[in-house]
Amino acid sequence: MGKISVMLCFLIVSLALVNGKKDVSKIGVFELKKGDFSIKLTNWGASIMSIVLPDSHGKLADIALGYDSAQSYVNDTTNFGRTVGRVANRIGGAKFTLNGATYKLNANDGKNTLHGGAKGFGNLLWKVQSHKPDAKSPYITFTYDSFDGEQGFPGKALVSVTYMIMGSNKLLVDMKAKAIDKATPINLAHHTYFNLGGHNSGNIKSNKVQIFASHITPTDSGLIPTGKISPVKGTPFDFLSPQTVGSKLKHLPGGFDINYALDGATRGKKLKKTAVVSESKSGRIMELWSNQPGVQFYTANTLANVKGKGGYVYGNYAGLCLETQAFPDAVNHPNFPSVIVNPGQTYSHVMLFRFTTKNVNIS
């Protein structure tokens, strides 16, 4: 019966003209499962709704913040689990200049653009290109055709994101975008809020984090990078060795929302270890690998009374995000790695999550 329901859901979505249209009747829920490891997704924002996996004692829990129904994501303002773009993170002044032309973007974060604008990729309905839940490596691929001028960005872009379970404990997120007719900035990011103790286990202050980055891109009061690349040594931003989030929040009570410049990373090249997160009570460990030069570390500083799955209410620090990416506002900082994709070129962004419970000590 489960397979029949999934097939019917897939057929309904694939027959609909869903590319970006806000028709909640076409929103579907899709599952990938391998043993005790399962993921639920929706084509609204190409989003992850849940990640269920065992702890060190075999007890299952959902470690992703979110909602019970896919329709709840339509009016969500937290970006739970979403694929965000065309350019993730912030663009200062909601504008940039490329090849002599200045482009004005949708300003949805004060005077700035955040995650592609008010109707960025995370706030649109995607097509389901392929869903293979019974494959050796179960996967689903969502696609979106971004038009010239969308939210102010130049040129057409064909976008896809594939989620795949590899082996018994790995999740691959493979994001691609091809520029069709004009040079355009592209920087996609994945925005799941993780809590390795379980989405309803409280805050993430006991989660231990290690980030393989010796530098950050500091920001102004509007969270726009200043253009500097500064060392983390001797600052609260130093996660080169494993540290609990709570121990760092004592020195940075406003929480973390900052891009880390990853050591030795180059955009689009081979995967490098980005971060490791562990949680002592559950024994869960999450390793993150990526081919991007940066990662945004965010500790859900502004969550307040958000009613999530099972009626659980999420508050400040209920989850943490590790959004691999190019540097924020790179279009306005020539010293940052370029995010421009020329016609015929394809942007590639890969994230690989590895979940284990073998050892609660990540040092």
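No experiment lies behind these values; they were computed from the predicted model shown.

### Things to note about the overall build of the chain
Piece 1. Across its full length, the chain carries two helices and 28 strands.
Piece 2. Along the longest, intermediate and shortest principal axes, the C-alpha atoms of the chain span 60 × 55 × 40 Å.
Piece 3. Out of the 363 residues belonging to the chain, those deemed buried represent 56%.
Piece 4. Nonlocal contacts in the chain, meaning residues at least 24 apart in sequence, comprise 66% of its contacts between residues at least 6 apart.
Piece 5. A total accessible area of about 14,800 Å² is found for the chain, and carbon and sulfur atoms account for 53% of it.
Piece 6. Put simply, the chain has 40 plus and 22 minus side-chain charges, and the middle of one group is 2 Å from the middle of the other.

### Some thoughts on unusual backbone geometry
Piece 1. Cis geometry marks the peptide bond from Gly-85 to Arg-86, where omega comes out at 15°.
Piece 2. Position of Arg-86 among the secondary structure elements: in the loop between strand S5 (82–84) and strand S6 (90–91).
Piece 3. Notably, His-115 is not glycine yet its phi reads approximately 55°, a positive angle.
Piece 4. Note on placement: His-115 falls in the loop between strand S9 (113–114) and strand S10 (127–132).
Piece 5. According to the relative accessible area criterion, His-115 is buried, its value standing at 9%.
Piece 6. Non-glycine residue Gln-151 carries a positive phi angle of around 55°.
Piece 7. Tracing the backbone shows Gln-151 in the loop between strand S11 (139–146) and strand S12 (157–166).

### Details of the pairing of strand S22 (residues 285–290)
Piece 1. Of all six residues that make up S22, five are buried, and the element is covered over most of its length.
Piece 2. The sheet contact formed by strand S21 (residues 272–278) and S22 spans six bridges and is antiparallel. From the neighbouring strand, Lys-272 faces S22, where its bridge partner is Ser-290.
Piece 3. Hairpin connection between S21 and S22: a loop of six residues separates the two successive antiparallel strands, and Gly-283 in this loop has a positive phi of roughly 80°.
Piece 4. For S22 and strand S28 (residues 346–356), the ladder comprises six bridges, and the chain directions are antiparallel. Across the sheet, residue Glu-287 finds its bridge partner in S28, namely Arg-354.

### Quick look at the pairing of S21
Piece 1. The buried fraction of S21 is high, at five of seven residues.
Piece 2. Across four bridges, strand S16 (residues 208–211) lies against S21 in antiparallel orientation. Residue pairing across strands places Gln-210 opposite Val-276, the latter belonging to S21.

### As for the UniProt feature "binding site: beta-D-galactose" (unreviewed entry) in the chain
Piece 1. In the numbering used here, UniProt assigns the feature "binding site: beta-D-galactose" (unreviewed entry) to Asn-89, Arg-90, His-191, Thr-192, Tyr-193 and Asp-257.
Piece 2. Of note, Thr-192 is situated in the loop between strand S15 (189–191) and S16.
Piece 3. Residues within four places of Thr-192 in sequence aside, it is in contact with Ile-48, Ile-51, Ala-64, Gly-81, Leu-320 and Cys-321.
Piece 4. At a separation of 2.7 Å, a polar atom in the side chain of Thr-192 contacts the side chain of His-190.
Piece 5. By the element assignment, Tyr-193 lies in the loop between S15 and S16.
Piece 6. Among the residues examined, Tyr-193 registers a relative accessible area of 3% and is labelled buried.
Piece 7. When near neighbours in sequence (up to four residues on either side) are disregarded, Tyr-193 contacts Ile-63, Ala-64, Leu-65, Thr-78, Asn-79, Phe-80, Tyr-298, Ala-300, Leu-303, Gly-319, Leu-320 and Cys-321.

### Regarding the nonpolar core
Piece 1. Of all hydrophobic cores here, the largest spans 61 residues; its most connected members are Phe-142, Tyr-163, Ile-211, Tyr-260, Phe-297 and Leu-322.
Piece 2. Grouped together as the second largest cluster of nonpolar side chains are 18 residues, Met-49, Ala-70, Leu-303 and Cys-321 included.

### Comments concerning the sheet that holds S12
Piece 1. If you trace the nine strands from one edge of the open sheet to the other, you get S10-S11-S12-S13-S28-S22-S21-S16-S19, paired in antiparallel fashion. Each end of this open sheet is capped by a strand with a single partner; those strands are S10 and strand S19 (243–244).
Piece 2. In this structure, S16 lies alongside S19, joined through two bridges in antiparallel fashion. Pairing of Val-209 across the sheet is with Gln-243, part of S19.

Parameters at a glance
- Residues numbered from 1 in each chain as written.
- Predicted model: local features only at pLDDT ≥ 70, side-chain atom pairs only at ≥ 80, totals over all residues.
- Heavy atoms only, no water.
- Helix = DSSP H or I, 4+ residues; strand = E, 2+ residues; numbered from the N terminus.
- Buried < 20%, exposed > 50% of the residue type's maximum accessible area, 1.4 Å probe, protein only.
- Contact = heavy atoms within 4.5 Å.
- Areas by Shrake-Rupley, 256 points an atom, 1.4 Å probe, with all protein chains shown as cover.
- Lys, Arg positive; Asp, Glu negative; His and termini not counted.
- Charge placed at Lys NZ, Arg CZ, Asp CG, Glu CD.
- Pairing = 2+ DSSP bridges.
- UniProt positions renumbered as here; feature names shortened; annotations may be inferred.
- Polar contact = N/O pair within 3.5 Å; in protein donor to acceptor, adjacent residues only side chain to side chain.
- Core = buried A, V, L, I, M, F, W, Y, C linked by side-chain atoms within 4.5 Å.

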